[in-house]
Amino acid sequence: SGKPKLTWSAVSGAASYRVYRSESRGTGYSLLGTTTSTSYVNTGAKANTTYYYKIVAVKGTAVSDFSNIVSARPSK
């Protein structure tokens, strides 16, 4: 729909989650946004562009390892 929605399982004790996005699976990730929810909608995604996402959980100054990478390609 042009707005990929990411959802994930809660991490025990996490205060927030950081969502990173790239147009290349292996490199170029930049911070897309931060949320306290276990979902995030990428409202600014361009049609017919493949995006790759990964997430970290944050608790105080501690940051988890990156999640698995997922991809989305909005059609509109």
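Residues numbered from 1 in each chain as written. Predicted model: local features only at pLDDT ≥ 70, side-chain atom pairs only at ≥ 80, totals over all residues. Heavy atoms only, no water.

Focus on the nonpolar core
Here's step 1: Core analysis: the largest hydrophobic core is formed by eleven residues, namely L6, W8, Y17, V19, Y40, A45, Y51, Y53, I55, A57 and A72.
Here's step 2: Broken down by element, the residue count for this core peaks at four residues, all from strand β5 (residues 51–59).
Here's step 3: When near neighbours in sequence (up to four residues on either side) are disregarded, A72 contacts P4, T49, T50, Y51 and Y53.
Here's step 4: Membership of the second largest hydrophobic core comes to five residues, among which are Y20, Y52, V56 and V58. (Core = buried A, V, L, I, M, F, W, Y, C linked by side-chain atoms within 4.5 Å. Buried < 20%, exposed > 50% of the residue type's maximum accessible area, 1.4 Å probe, protein only. Helix = DSSP H or I, 4+ residues; strand = E, 2+ residues; numbered from the N terminus. Contact = heavy atoms within 4.5 Å.)

Let's talk about the pairing of strand β2 (residues 16–22)
The two faces of a sheet get side chains in turn, since along a regular strand they alternate between them.
Here's step 1: Within β2, five of the seven residues are buried, which leaves the element mostly enclosed by the surrounding structure.
Here's step 2: Of the pairings in the sheet, the one linking β2 to β5 comprises seven bridges and is antiparallel in character. Bridge pairing in β5 links Y20 to K54.
Here's step 3: Pairing geometry for β2 and strand β3 (residues 30–35), over five bridges, is antiparallel. From the neighbouring strand, Y20 faces β3, where its bridge partner is L31. (Pairing = 2+ DSSP bridges.)

Considerations on the environment of K59
Here's step 1: Take K59: it is sitting in strand β5.
Here's step 2: A relative accessible area of 53% places K59 in the exposed class.
Here's step 3: Each C-alpha atom of the pair K59 and V11 lies 9.6 Å from the other, and the pair is 48 residues apart in sequence.
Here's step 4: Those residues in contact with K59, other than ones at most four positions away along the chain, are G13, A14 and A15.

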